[in-house]
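Structure assessment
Okay, here's what each chain looks like letter by letter:
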Amino acid sequence: MTFVYSSMRTGHCLTSRLGPNTLGRRDIFLQYWTTCTSRSKAPWPSSAGGASRISTRLFAPLRLPASGIHGAQLRRSPQGPILEGDAPDIPAPVVRAIAATAARHPGVFVENKGKALAVHWRAAQEREAALWAELSDALRDAAAPALAILRGHCVFEIKSPSTTKGDAVSAFMQTAPFAGRAPVFIGDDVTDIAGMAAAKAFGGRAYSVGQMLEGADGAFAAPSDVRAWLERLVATRTRAQRA
């Protein structure tokens, strides 16, 4: 069995080989921040530095395969480089326009991921509709037709539509140690639907958290349920090793 953790902020995936257990030869893809941790109004720490540095800080001393920014970045092996996809960085004029828009809404902040911008409004949920309209206008005025806005949970992601989380899943499933296995993808918002579809295309299954998303085979009620499920899997494996 292979566990793969994915951060909502960066989309990076971390892999830890645990060996066979009750799920057999399966890989588990998780949106780590929102399917395994409790939500809060506090802003997340900056993800400047990309998937490799975030994964190193969060899961040290592990250094493992990783993907970032909806499949736009990929590290195929623990010691390998981060490979950049074809999606361009967000142009500086667009970054400035989006930052200026966010600044008009107290509690809203922008996370610049290079190839994507995440506009977080968890602390200003009453401004969702107005913020969406103003961001759409800012993109139009900045002449950025190649960029799309995606709705996430208390976040709007601005990125090229050329890459998705499904691309990251597909890339991993075609390389060792993932090839030949069946993936299980767990996510919590609409930006995860492409990853779920990719997992199912490889013969796997997909589950959502907090709501029933399109294509999901089932849903966990809350992040605590995902953690409890993972703990049971680890406990089962540990007992099997000691038997």
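Residues numbered from 1 in each chain as written. Predicted model: local features only at pLDDT ≥ 70, side-chain atom pairs only at ≥ 80, totals over all residues. Heavy atoms only, no water.

1. Regarding the sheet that holds strand E8 (residues 116-120)
Backbone-to-backbone hydrogen bonds join strands into a sheet, with any given pair of strands oriented parallel or antiparallel. Taken in spatial order, the 4 strands make up an open sheet running E7-E8-E10-E9, and their pairing is antiparallel. Taken across any chain shown, the strands that pair with only one partner, and hence form the sheet edges, are strand E7 (109-112) and strand E9 (148-152). The average undirected angle you get between the axes of adjacent strands in this sheet is 20°. For E7 and E8, the ladder comprises 4 bridges, and the chain directions are antiparallel. When the sheet's bridge partners are listed, Glu-111 is paired in E8 with Ala-118. Sheet strands touched by helix H4 (residues 128-141): E8, E9 and strand E10 (155-159). Its angle to E9, the strand with the most contacts, is close to 165°. (Pairing = 2+ DSSP bridges. Helix = DSSP H or I, 4+ residues; strand = E, 2+ residues; numbered from the N terminus. Axes fitted to C-alpha atoms, helices over the stretch in contact; angles between N-to-C directions. Contact = heavy atoms within 4.5 Å.)

2. Concerning helix H5 (residues 165-173)
Judged by how many residues are buried, H5 sits mostly within the fold: 7 of 9 residues are covered. Its side-chain oxygen placed 3.1 Å from the backbone nitrogen of Gly-166, Thr-164 serves as the N-cap of H5. (Buried < 20%, exposed > 50% of the residue type's maximum accessible area, 1.4 Å probe, protein only. Polar contact = N/O pair within 3.5 Å; in protein donor to acceptor, adjacent residues only side chain to side chain.)

3. Re the packing of helix H3 (residues 92-103) against H4
The N-to-C vectors of H3 and H4 enclose an angle of 155°; their axes lie 10 Å apart at closest approach. By the angle between their directions, the pair H3 and H4 is classed as roughly antiparallel. As for the relative orientation of H3 and H4, their crossing is right-handed in sense. Contact residues: H3 offers Val-94, Ala-97, Ile-98 and Thr-101, while H4 offers Leu-131, Glu-134, Leu-135, Ala-138 and Leu-139. Its residues assigned to classes, the contact of H3 with H4 comprises 7 nonpolar, 1 polar and 1 charged. (Parallel < 35°, antiparallel > 145°, perpendicular 65-115°, else oblique. Left-handed = near helix turned anticlockwise from the far one by under 90°. Nonpolar A, V, L, I, M, F, W, Y, C, P; charged D, E, K, R; others polar.)

4. Here's the deal with the pairing of E9
Of the pairings in the sheet, the one linking E9 to E10 comprises 5 bridges and is antiparallel in character. Of the residues in E10, the one forming a bridge with Gly-152 is Val-155. Where E9 folds back on E10, the antiparallel hairpin that results is connected by 2 residues, among which Cys-154 adopts a positive phi of roughly 60°.

5. Side note on the layout of surface pockets
The calculated volume of the largest pocket comes to roughly 160 Å³. As for the largest pocket, its lining consists of 14 residues, of which Gly-71, Ala-72, Gly-85, Asp-86 and Thr-163 are closest to the centre. Of all the elements in the fold, those that place two or more residues in the lining of the largest pocket are strand E5 (73-75), strand E6 (83-84) and H5. Examining the composition of the lining of the largest pocket, we find that 3 residues originate from one element, H5, more than from any other. Looking at the lining of the largest pocket residue by residue, the class counts come to 6 nonpolar, 5 polar and 3 charged. (1 Å grid on protein atoms, 1.4 Å probe; cavity = no way out; pocket = protein on both sides within 12 Å on 5 of 7 lines; lining within 4 Å. Points joined across faces, edges and corners; volume = space filled by probe spheres on them.)

6. Comments concerning the nonpolar core
For soluble globular proteins, nonpolar side chains are generally found buried alongside one another. With 19 residues, the main nonpolar core has Ile-98, Val-119, Leu-139 and Ile-158 as its most contacted residues. For this core, the secondary-structure elements that each account for two or more residues are H3, E8, H4 and E10. What Ile-158 contacts, discounting residues up to four positions off in sequence, is Ile-90, Ile-98, Ala-116, Leu-117, Val-119, Leu-139, Leu-147, Ala-148 and Ile-149. By size, the runner-up hydrophobic cluster in this structure holds 13 residues, among which are Leu-74, Phe-172, Ala-199 and Leu-213. (Core = buried A, V, L, I, M, F, W, Y, C linked by side-chain atoms within 4.5 Å.)

That is the geometry; function is a separate question.
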